[in-house]
Amino acid sequence: MKSYHILTTMIPLCGISKSTDEQVRRRERDLRSKSSTSRSAMLTLRNALWHERLEVLFTLIYKANHLYFAALLTLLLAVIPSILTGCAKNPEPISRTGFYFDTVIQITLYDSPDEKVLDGCFALAEKYENLFSATKEGSDVWKINHAGGKPVTVSEETVKLLNTATAYANMTKGAIDPTIRPVSALWDFGSEGDAHVPEDNAIREALSHVSCDNIRFGTAPSDETGESVYRTVTLADPLSAVDLGFIAKGYIADRMKEYLLSQNVKSACISLGGNVLAVGEKPDGSPFRIGIQEPFAETGTPLYTIEIKDTSVVTSGIYERYFYEDDVLYHHVLDTATGYPVDNELAGVTIVCPSSMNADALSTSCLCLGLEEGRKFLDAKKDVAYLLVTRDGVQYRSQNFPAN
């Protein structure tokens, strides 16, 4: 808007009378005063006002027959369209919601009106669900789990993510493990009203098949280059099974951000359940405000609100999926040592860091490690901020955690 006001003070100096200029200014103020006026209507008015003023200017130029003024008019006609475009406000945000990875996801673009870009984001959601879902028949993970210990050729991205998940299992000394699926399948937290505590014997049997050491990688030709790359997976224990739920959504959010940047989108918000990834900042330069859910409160009740730019916020908590049996709460974050829900001081862990994949894995890791071990684990990581909330509501924040 600043360039627009500068130009309106310059044009009267070119010979437009004060009365003519005041008339067009009055018409513009009248239209502005109507709250229902759309941006497109304002832009149309501005174009009309410019043409009126230029008609007066052209008359002066014609009468003066001066080459200097003709050159000036040529320059004005060249730059005015770009100036008017710059005066227009940023487009209204566009958003789309869907259901993938057993959760509601939402993508919002703040600086692009292109619905095809949203199409691309949801195509990625579909692609990765077909790779990483443990329950979708035919997915890479499903095929690994149902191969009976035989090698399975999968996407290079599946191998990459599974390798990273295995690294986190080693970093946490097995507190999290991508082969937890035999146990998590028993609990069935996703069912409506049918969830129940499995038989103890069944849990102990399932636990015997949980170990990331069962995962073996092999080579096969790359689809892109034909070169030999790691893209086969074998489970040494045929009864072992993979579940990438603690890391997959973060990886997918990072890939969506890469895609948006490739489409020249520089302001967007990616929300995949408890994973939020901000792309850049809002068009006006302000940060995104993210609310952190209060444990066990009504959905949408913020415990803490932070402002972020171009980073990721991921929260894991024992209040996300749970049920009661005999007045005992059972939640979906499982202890790899017992096969039962983790039982420590923590109710929720929020991680802020550039990589959504790392934030996803770190939040679950800390929740499984507990308060003291979790804090030590996180304090050793660079570019990571955290908020830990205990079951009795006590908060522990890293020094670099964004202010409320």
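Structure's up top.
For the structure given in this document, a descriptive report is provided here. Model, not experiment: these values are computed from the prediction.

Each value, and the rule that gives it
- Residues numbered from 1 in each chain as written.
- Predicted model: local features only at pLDDT ≥ 70, side-chain atom pairs only at ≥ 80, totals over all residues.
- Heavy atoms only, no water.
- Pairing = 2+ DSSP bridges.
- Helix = DSSP H or I, 4+ residues; strand = E, 2+ residues; numbered from the N terminus.
- 1 Å grid on protein atoms, 1.4 Å probe; cavity = no way out; pocket = protein on both sides within 12 Å on 5 of 7 lines; lining within 4 Å.
- Points joined across faces, edges and corners; volume = space filled by probe spheres on them.
- Phe/Tyr/Trp six-rings, centres within 6.5 Å; stacked < 30°, edge-to-face > 60°.
- Buried < 20%, exposed > 50% of the residue type's maximum accessible area, 1.4 Å probe, protein only.
- Lys NZ or Arg CZ within 6 Å of the ring centre and 35° of its normal.
- Arc of directions from axis to C-beta.
- Contact = heavy atoms within 4.5 Å.
- Core = buried A, V, L, I, M, F, W, Y, C linked by side-chain atoms within 4.5 Å.
- Axes fitted to C-alpha atoms, helices over the stretch in contact; angles between N-to-C directions.
- Parallel < 35°, antiparallel > 145°, perpendicular 65-115°, else oblique.
- Left-handed = near helix turned anticlockwise from the far one by under 90°.
- Nonpolar A, V, L, I, M, F, W, Y, C, P; charged D, E, K, R; others polar.

**Digging into the pairing of strand S1 (residues 94–100)**
Part 1: Note: S1 against strand S2 (residues 103–109), seven bridges, orientation antiparallel. Note on S2: the bridge partner recorded for Ile94 is Leu109.
Part 2: Counting the residues between successive antiparallel strands, the hairpin from S1 to S2 contains two residues, one of them, Phe101, with a positive phi of roughly 55 degrees.

**Looking at empty space enclosed by the protein**
Part 1: Enumeration according to the criterion identifies one cavity of 30 Å³ or more in this entry.
Part 2: Here the largest cavity is characterised by a volume of approximately 40 Å³.
Part 3: As for the largest cavity, its lining consists of Ile292, Gln293, Pro295, Leu303, Thr315, Tyr319, Gly348, Val349, Thr350, Leu387 and Val389.
Part 4: Going through the elements one at a time, strand S8 (288–293), strand S13 (346–353) and strand S14 (385–390) are the ones with two or more residues in the lining of the largest cavity.

**A closer look at the packing of aromatic side chains**
Each aromatic ring pair is described using two quantities: the centre-to-centre distance and the angle formed by the ring planes.
Part 1: Taken as a whole and assessed by the stated rule, the structure comprises 16 aromatic pairs.
Part 2: Ring geometry for Trp187 and Tyr340: centres 5.8 Å apart, planes at 75 degrees, overall edge-to-face. Of the two residues, Trp187 sits in helix H8 (residues 181–187) while Tyr340 sits in the loop between strand S12 (328–331) and S13, which places them 153 residues apart along the sequence.
Part 3: Given a relative accessible area of 24%, Tyr340 falls into the partly exposed group.
Part 4: Following the ring pairs from residue to residue traces out a cluster consisting of Trp187, Phe189, Phe323, Tyr330 and Tyr340.
Part 5: Between Arg255 and the ring centre of Tyr251, over which it is positioned, the NZ or CZ distance is 4.5 Å.

**Some remarks on helix H9 (residues 200–207)**
Part 1: Every buried residue of H9 is accounted for by Ile203, Ala206 and Leu207. For H9, the buried positions fall inside an angular range of 100 degrees around the axis, keeping them on one side.
Part 2: In this structure, the buried residues of H9 make contact with H8.

**Some points on the nonpolar core**
Part 1: Of all hydrophobic cores here, the largest spans 70 residues; its most connected members are Leu109, Phe132, Leu244, Ile247, Leu260, Ile270 and Ile351.
Part 2: Here this core gets nine residues from one element, more than from any other, and that element is helix H5 (residues 115–132).
Part 3: Not counting chain neighbours up to four residues away, the residues in contact with Leu260 comprise Leu109, Val117, Cys121, Val265, Ala268, Ile270 and Val279.
Part 4: Core analysis: the next-biggest nonpolar cluster, separate from the first, contains 16 residues, Val276, Ile308, Val313 and Ala385 among them.

**So, the sheet that holds strand S7 (residues 275–280)**
Part 1: Spatially, S1-S2-S6-S7-S10-S13-S14-S15 is the arrangement adopted by the eight strands of the open sheet, whose pairing is antiparallel. A single partner strand is all that each edge strand has here, and the edge strands are S1 and strand S15 (395–397). The sheet shows a mean angle of 10 degrees between the axes of neighbouring strands, taken without regard to direction.
Part 2: Pairing geometry for S2 and strand S6 (residues 267–272), over five bridges, is antiparallel. Following the sheet pairing, Gln106 is matched in S6 by Ser271.

**Re the packing of H5 against helix H7 (residues 156–171)**
Part 1: At a minimum axis distance of 10 Å, the contact between H5 and H7 shows a crossing angle of 65 degrees. As summarised for this structure, H5 and H7 are arranged roughly perpendicular, according to the angle between their axes. Crossing of H5 over H7 shows right-handed handedness. The residues of H7 that touch H5, namely those facing Lys127, Tyr128, Leu131 and Phe132, are Glu157, Thr158 and Leu161.
Part 2: Of the residues in the contact of H5 with H7, the class split is four nonpolar, one polar and two charged.

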